[in-house]
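Chain by chain, the residues run as shown.
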There are 2 protein chains.
Amino acid sequence: MYIDIDFNSDEAIYIQLRNQIFMAIATSQIREGESLPSVRALADDIGVNMHTVNKAYTTLRQDGFLKVDRRRGAVVAVDVNKAVSLAKMRDYLRPLIARGICKGLSREEFKKLIDEIYDELQ
Amino acid sequence: MYIDIDFNSDEAIYIQLRNQIFMAIATSQIREGESLPSVRALADDIGVNMHTVNKAYTTLRQDGFLKVDRRRGAVVAVDVNKAVSLAKMRDYLRPLIARGICKGLSREEFKKLIDEIYDELQ
DNA sequence: CTAATTGTTATACCAATAATATAACAATTA
DNA sequence: TAATTGTTATATTATTGGTATAACAATTAG
């Protein structure tokens, strides 16, 4: 796992970490059933406190991306519920699209961005 | 302007306010060149402190959605720079799309969401 | 001209969050 | 048996979010 954290970012470290784990799963760098590094190992690796990594793992577990097994640690296990996922994604996207409309972005430009990011993540 | 704030949300009030102003501009409830309520009036209206509204206005100004005129207050004036807007939107969307891919959302489902939200905002 | 309202700035305070630092526990593993 | 695991607890520091007053210069309304 190649995690790179920007310590000067205004984005919280545990959020950056969570987003990079999203990307690692989306790009199949980590696959379903595989284990993430232990909280201590990853914290040591990227140079942050154990609890910061633990917070990222905890939110990922609560949002249904990981399951924690005593024996195997944090294992990628994605709970899939299309309806719920679509509803949440709609709420995430709404203010972003409103912002884009203000700036004159068309729906075609948004769809092109979708395609580009999809291609980038595969 | 119909602003409704959820005081139990974990989303900051000034962020909720900013998002609703995005939506008001996107849906043409407020139009280019029109003024927003004064910080004091809007704060009084929604029952928050003046500085909370001021913070929302300040970020909107810094991001090129408002200009402040001594005479006319906070006026909707969107700075349009397609290249910059697209680049920023790409960065906003990337972690969201990664999240969606983890949950099994296809690019077609994303594009459908784009269309639905666009329709909703018009 | 006067009084009120505007955006803006400054200061102070409180609560919540982010991040760190130790430390300990039970369960598992080598 | 010793080391490592996730987890929990406590404490501390810095930052952020929100509130509360207050004041200033510029503008506007009466």
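Note: the structure precedes this text.
Structural notes, computed from the coordinates. Note that the coordinates shown come from a computational prediction; the quantities given were computed from them, not determined experimentally. (Residues numbered from 1 in each chain as written. Chains lettered and ligands numbered in written order. Predicted model: local features only at pLDDT ≥ 70, side-chain atom pairs only at ≥ 80, totals over all residues. Heavy atoms only, no water.)

## Details of the overall build of chain A
Working step 1: Helix and strand content of chain A: 5 helices and 2 strands.
Working step 2: Along chain A, helices (α) and strands (β) appear in the sequence α-α-α-β-β-α-α when read from the amino end.
Working step 3: Sorting the 122 residues of chain A into buried and exposed places 45% on the buried side.
Working step 4: In chain A, once contacts between residues fewer than 6 apart in sequence are set aside, the share between residues at least 24 apart is 47%.
Working step 5: Put simply, chain A shows about 6,700 Å² of open surface, and 46% of that area lies on carbon and sulfur atoms.
Working step 6: Averaged over its 18 positive side-chain charges, chain A has a centre that lies 8 Å from the centre of its 18 negative ones. (Helix = DSSP H or I, 4+ residues; strand = E, 2+ residues; numbered from the N terminus. Buried < 20%, exposed > 50% of the residue type's maximum accessible area, 1.4 Å probe, protein only. Contact = heavy atoms within 4.5 Å. Areas by Shrake-Rupley, 256 points an atom, 1.4 Å probe, with all protein chains shown as cover. Lys, Arg positive; Asp, Glu negative; His and termini not counted. Charge placed at Lys NZ, Arg CZ, Asp CG, Glu CD.)

## Re the relation of the copies chain B and chain A
Working step 1: With an axial shift of 0.0 Å and an RMSD of 0.0 Å, the rotation relating chain B to chain A amounts to 180 degrees. When the rotation and shift are considered jointly, the pair of chain copies conforms to a two-fold rotation axis. Using C-alpha coordinates, one finds that chain B approaches the rotation axis most closely at B:Lys111, a distance of 2.9 Å. (Least-squares fit on C-alpha atoms with pLDDT ≥ 70 in both.)

## Description of the protein's contact with DNA strand C
Working step 1: Around DNA strand C, the structure places 22 residues, and the nearest of them are A:Ile13, A:His51, A:Thr52, A:Lys55 and B:His51.
Working step 2: Sugar and phosphate atoms represent 56% of those atoms of DNA strand C found within 4 Å of the protein.
Working step 3: Within the backbone of A:Ile13, a nitrogen or oxygen atom sits 2.4 Å from a phosphate oxygen of DNA strand C.
Working step 4: Taken together, the elements giving at least two residues each to the surface near DNA strand C come down to helix H1 (13-26) and helix H3 (50-62) of chain A together with helix H2 (39-46) and helix H3 (50-62) of chain B. (Near = heavy atom within 4 Å. Polar contact = N/O pair within 3.5 Å; in protein donor to acceptor, adjacent residues only side chain to side chain.)

## Describing the pattern of salt bridges
Side chains bearing opposite charge may pair, as long as their charged atoms lie close to each other.
Working step 1: Counted by the stated rule, this structure contains 18 salt bridges over all chains.
Working step 2: When the shortest N-O distance is used, the salt bridge between B:Asp119 and A:Arg107 registers 3.0 Å. One end of the pair, B:Asp119, is in helix H5 (residues 107-120); the other, A:Arg107, is in helix H5 (residues 107-120), on a second chain.
Working step 3: What you see here is one network of salt bridges that share partners, running through A:Arg107, A:Lys111, B:Asp115 and B:Asp119. (Salt bridge = Lys/Arg side-chain N within 4 Å of Asp/Glu carboxyl O.)

## Re the protein's contact with DNA strand D
Working step 1: What surrounds DNA strand D is a group of 22 residues, the closest being A:His51, B:Ile13, B:His51, B:Thr52 and B:Lys55.
Working step 2: Here DNA strand D approaches the protein such that, of its atoms within 4 Å, sugar and phosphate make up 57%.
Working step 3: At 2.5 Å, a side-chain N or O of A:His51 approaches a base nitrogen of DNA strand D.
Working step 4: Between DNA strand D and the protein, one listed contact pairs a base nitrogen with a side-chain N or O atom of B:Arg40 at 3.0 Å.
Working step 5: Of all the secondary-structure elements, those providing two or more residues to the surface near DNA strand D are helix H2 (39-46) and H3 of chain A together with helix H1 (13-26) and H3 of chain B.
Working step 6: Class assignment of the residues belonging to the surface near DNA strand D gives a composition of 8 nonpolar, 7 polar and 7 charged. (Nonpolar A, V, L, I, M, F, W, Y, C, P; charged D, E, K, R; others polar.)

## A closer look at the packing of H1(A) against H3(A)
All names here are of chain A.
Working step 1: Between H1 and H3, the shortest axis-to-axis distance is 9 Å and the interhelical angle comes to 50 degrees. One element, H1, and the other, H3, form an angle in the oblique class. The element H1 and its partner H3 pack so that their crossing is right-handed. Taken together, the residues of H3 that come into contact with H1 (itself represented by Ile13, Tyr14, Leu17, Arg18, Ile21 and Phe22) are Thr52, Val53, Lys55, Ala56, Tyr57, Thr59 and Leu60.
Working step 2: Taken together, the residues of the contact of H1 with H3 break down into 9 nonpolar, 2 polar and 2 charged. (Axes fitted to C-alpha atoms, helices over the stretch in contact; angles between N-to-C directions. Parallel < 35°, antiparallel > 145°, perpendicular 65-115°, else oblique. Left-handed = near helix turned anticlockwise from the far one by under 90°.)

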